[in-house]
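Survey of secondary and tertiary structure
Here's the letter readout for the chains.
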Amino acid sequence: MALESEAELNRILGFIASKLESLKGRFPHLDNFDPDKVIFSSSIHYSNNVQWMPNPQYKELEKAREEEIKKGIKRKRGPIYREIPIYPEKDGIDIRVEFTPLEPVGASAVLPYTHIGNHAVEVIVRGADTEEIKEIREAIYRIIDELTAKAD
């Protein structure tokens, strides 16, 4: 399966979204899942009941970064976020399934779960450290494994 067309990628994203929708009754995290609202050009993105709070380390991290800049220390660091997500155990979740074209040469910045055709597939499931979140993550892996088995 080469995923040579946008239509093929959309078909695969639709398949994954419909399988996720079938899990709605099992997990309250997916109660608001609507396949028509989660599919984007090359990904599925769904969030439910993610709450945001001020990052308690923001000022300290920002000050440390400013001191390093003053001293001429150059480090590659990610952004420092003013707010951080909180995932209520009952139903808080953030799901991303992203298809990224494989780079012909060099290493990818993404450590993919697997490959489908000429795309790397990255799966990110964030939530409280609960059995339900682990089960949802495993269900997504099984859905993608089903796709890769069909491609073989």
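To start, this report covers the structure provided alongside it.

1. Regarding the overall build of the protein
Counting secondary structure elements, the protein contains 4 helices and 6 strands. Reading the helices (α) and strands (β) of the protein from amino to carboxyl end gives α-α-β-β-α-β-β-β-β-α. Counting only residues that meet the buried cut, the protein has 34% of its 152 residues in that class. Taking contacts inside the protein between residues at least 6 apart in sequence as the whole, the part at least 24 apart equals 66%. Of the roughly 9800 Å² that the protein leaves accessible, carbon and sulfur atoms contribute 50%.

2. Brief notes about the environment of Thr 100
Mapped onto the fold, Thr 100 is located in strand β4 (residues 93-101). In sequence terms Thr 100 and Ser 43 are 57 residues apart; their C-alpha atoms lie 8.7 Å from each other.

3. Quick look at the sheet that holds β4
Strand order in the open sheet formed by 4 strands is β1-β4-β6-β5, with antiparallel pairing between adjacent strands. Looking at strand neighbours, the two that pair on one side only are β1 (43-48) and β5 (114-116), the edges of this open sheet. Here the strands of the sheet are splayed against their neighbours by 25° on average, with no regard to which way each runs. Relative to β4, β1 is paired through 6 bridges, and the arrangement is antiparallel. Among the inter-strand pairings, Ser 43 is bridged to a residue of β4, identified as Glu 98. Running at roughly 155° to β4, helix α1 (residues 6-21) makes contact with β1, β4 and β5 of the sheet.

4. So, the nonpolar core
Ranked by internal contacts, the top residues of the largest apolar core, which has 30 residues, are Ile 16, Leu 30, Ile 95, Val 97, Phe 99, Ile 140 and Ile 144. Examining the composition of this core, we find that 8 residues originate from one element, helix α4 (residues 131-151), more than from any other. In this structure, Ile 16 is in contact with Ile 44, Val 97, Phe 99, Ile 143, Ile 144 and Leu 147, ignoring residues within four places of it in sequence.

Here is what the cut-offs are and how they apply
For every chain, the first residue of its written sequence is number 1, and the numbers climb from 1 along that sequence. Local features in a predicted model are, by the rule used here, given only for residues with pLDDT of at least 70; side-chain atom pairs are given and counted only at 80 or more, and totals for whole chains, interfaces and linings are based on all residues. Excluding hydrogens and water, the side-chain figures rest on all heavy atoms present in the structure. Helix numbering and strand numbering both begin at the N terminus, where a helix is a DSSP run of H or I of at least 4 residues and a strand a DSSP run of E of at least 2. Each residue is placed in one exposure class: buried if its accessible area under a 1.4 Å probe, protein chains only, is under 20% of its type's maximum, exposed if it is over 50%, and partly exposed if it falls in between. Residues are treated as being in contact if the distance between any of their heavy atoms lies within 4.5 Å. Only the protein chains shown count as cover for residues, and the accessible areas themselves come from Shrake-Rupley with a 1.4 Å probe. Note: two strands are recorded as paired if DSSP finds a minimum of 2 bridges between them. Orientation is described by lines fitted to C-alpha atoms, with helices fitted over the stretch in contact, and by angles between N-to-C directions that extend from 0 to 180 degrees. Buried Ala, Val, Leu, Ile, Met, Phe, Trp, Tyr and Cys residues that are joined via side-chain atoms within 4.5 Å together make up what is termed a nonpolar core.

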